[in-house]
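Take a look at the letters that make up each chain.
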Amino acid sequence: MTLEEILAQDDPSLVTQLSAADLTRFFWKWKGLQKQYGRDTAFYLATNENLKLAYEKLDEQERELSHAYGIIQEDLGVAKQVQTALLPTALAEMESQVELAVFHKQLTEVGGDYYDFFRMSGGRSAIGLFDISGHGVSAALIMAFLKAQFMQVMEEPLSLREIVDQVNEASFDFLREVRRYSTINLVALDADSIRYVSGGGYGYLIPAQGENQQLKKGSHFLGLRKKPYEEHVLPFGKGDLLALYTDGMIEAQDKSGADYTARRLHAIIESHRELPMQEILTRCQADYQQFRHADSDDCTLILVRRKS
Amino acid sequence: MSTLSSPAEASQEMMVHGSLMLGYARACMNLNIVAGRRASQMLEGIELSQWYPLSRWHALEGIVVQSYRNAPPIMLKVGIEMMSLWYHHGPGKNLVKSGLDFLHFQTGGGGFQSVVLGPAATVGEFRLEAFDTKQGCASVYSTTPFNRDMERGVLIGGVLAAGDLDYVDVVAAADTNRLLVEFH
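Residues numbered from 1 in each chain as written. Chains lettered and ligands numbered in written order. Predicted model: local features only at pLDDT ≥ 70, side-chain atom pairs only at ≥ 80, totals over all residues. Heavy atoms only, no water.

Before going further, it helps to spend a moment on helix 1 (residues 18–30) of chain B. Residues and elements named next belong to chain B. Relative to the 18 Å expected for 13 residues at 1.5 Å per residue, helix 1 spans 18 Å between its end C-alpha atoms, a close match to the ideal helical length. Of all the residues in helix 1, the buried ones are Gly18, Leu20, Met21, Gly23, Tyr24, Ala25, Ala27, Cys28 and Met29. For helix 1, the elements touching its buried residues are strand 1 (15–17), helix 2 (36–43), strand 2 (51–53), helix 3 (54–65), helix 4 (72–89) and helix 9 (148–161). Phi turns positive one or two residues past the end of helix 1, at Asn32, with a value near 60°. (Helix = DSSP H or I, 4+ residues; strand = E, 2+ residues; numbered from the N terminus. Expected span 1.5 Å × (residues − 1). Buried < 20%, exposed > 50% of the residue type's maximum accessible area, 1.4 Å probe, protein only. Contact = heavy atoms within 4.5 Å.)

Below, the structure written as structure tokens:
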């Protein structure tokens, strides 16, 4: 029998039948397998060692990432505190004229919805609501930038439109450079009326008497075009109610993908219009929370009602 | 990325044939010693019929050598796998019929010269310088810029590929330019 024939069987006693030449081959075959085993073992040890090193490296990177994540979380916490500090409390002169209620919720720690109460020349006050494109830290920084821009011009003896024009002019190049823009709804409270300038902002007026009306969304967003804004005037007497909001609320979706809609928000406000302001706001929030499936945007709703 | 499509374009720089580069890359992938992004990086822009500067070859070698603390057993295995691919999936079977044929194929450096281009001083040589069938030993002289462990693997894999020999080992002599082959 040849070496190959014997090796194909399971009987070791057959080895005695090998010729001298096949015995020699048998010897070298075994030595050859030993060599191959040695080479394979060395290969697997080397790759295994690398695997161990890779795991160690992965552990180290995980620790570094975790550390970096901790720092980012800490920074975001501070950023949130700063952004909250930048949001206003109602001005005393404003509170003497109107009741106010605000629902403001950022999608992440910090966000791009920004509202403010401004003191204007001549003792007037104004409410501003802005929705800056994007979310997170970058949007929050733009918010701080816009706030600074408005603070600079708000008390100058300018019309509402001129104020917005100036801010748009001053911030246009920067906003273009960082590829951001913002909706604006700036509403000044006069004795028995409101003046407003809107660039993509949402507003709804529910007068004590007469027909409800939506504020004109009107002009361009801040930072998108260098052209003058339009100013509008509407009566705003005792008991009249104004709602200002961003798209985060009305574009919230339920599980089926249907939008919350401005119509639904308006209906809720109107059906509870006789309640105290904070109570109306709570009803709006409850309806929104019950409707929406998941948060996908920053969300702000400001309710204003004329006292006297 | 620089490539040359014909030997006529060869400069003073050593060039390596795309088939060798792809064989190396494929062997690395078969052995799972590179994967993912690095595997794609290895194959990127290499074509079978093109010539590439030696620096590109060294970059390929570097991907493996720099990734493993103990690279010699890896490179040895890569060399063996390259020749297995050459024999079973390339032109090898038509060129050599036995393990000894493979060693003879290295006479005068013919095998090596089919995959490199350039001035002799840069390219070096890889040639059979001694051969003794009775003793089962041979000596290959190598001054190529390639990794010596991979070359040991190339000789082992090339001699074993036809499957007619039972034992092959290749060690580097004290003079590292000499690779000593033992076969039975």
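There's more to say after this.
Before going further, it helps to spend a moment on the interface of chain B and chain A. On the side of chain A, 15 residues touch chain B, which itself brings 19 residues to the contact. Interface of chain B and chain A: buried area, both sides summed, is about 1,600 Å²; carbon and sulfur atoms make up 61% of it. Three residues, Arg69, Asp166 and Tyr167 of chain B, lead the burial of chain B against chain A; their summed loss comes to 37% of the area buried on that side. Inspection of the region where chain B meets chain A yields six salt bridges. The salt bridge partner of Lys77 of chain B is Asp40 of chain A, with a shortest N-O separation of 2.2 Å. Counting every contact that joins chain B to chain A gives seven residue pairs in polar contact (both at pLDDT 80 or more). Counting residues per element, the ones that place at least two in the side of chain B that touches chain A are helix 4, helix 9 and strand 6 (168–172) of chain B. With five residues, helix 4 of chain B is the single largest residue contributor to the side of chain B that touches chain A. Split into classes, the residues belonging to the side of chain B that touches chain A amount to eleven nonpolar, three polar and five charged. (Buried area = accessible area lost by both parts, 1.4 Å probe. Salt bridge = Lys/Arg side-chain N within 4 Å of Asp/Glu carboxyl O. Polar contact = N/O pair within 3.5 Å; in protein donor to acceptor, adjacent residues only side chain to side chain. Nonpolar A, V, L, I, M, F, W, Y, C, P; charged D, E, K, R; others polar.)

To continue, consider the environment of Ile80 of chain B. Examined against the element boundaries, Ile80 of chain B turns out to sit in helix 4. C-alpha separation for the pair Ile80 of chain B and Val154 of chain B, spaced 74 residues apart in sequence, amounts to 5.2 Å.

On to the packing of helix 4 (residues 136–153) of chain A against helix 5 (residues 160–177) of chain A, then. Residues and elements named next belong to chain A. Where helix 4 meets helix 5, the axes come as close as 10 Å, and the angle between the chain directions of the two elements is 140°. Remark: the crossing between helix 4 and helix 5 carries right-handed chirality. For the pair formed by helix 4 and helix 5, the contact residues are Ile142, Phe145, Leu146, Gln149, Phe150 and Val153 on the first element and Ile163, Gln166, Val167, Ala170, Ser171, Phe174 and Leu175 on the second. Split into classes, the residues belonging to the contact of helix 4 with helix 5 amount to ten nonpolar, three polar and no charged. (Axes fitted to C-alpha atoms, helices over the stretch in contact; angles between N-to-C directions. Left-handed = near helix turned anticlockwise from the far one by under 90°.)

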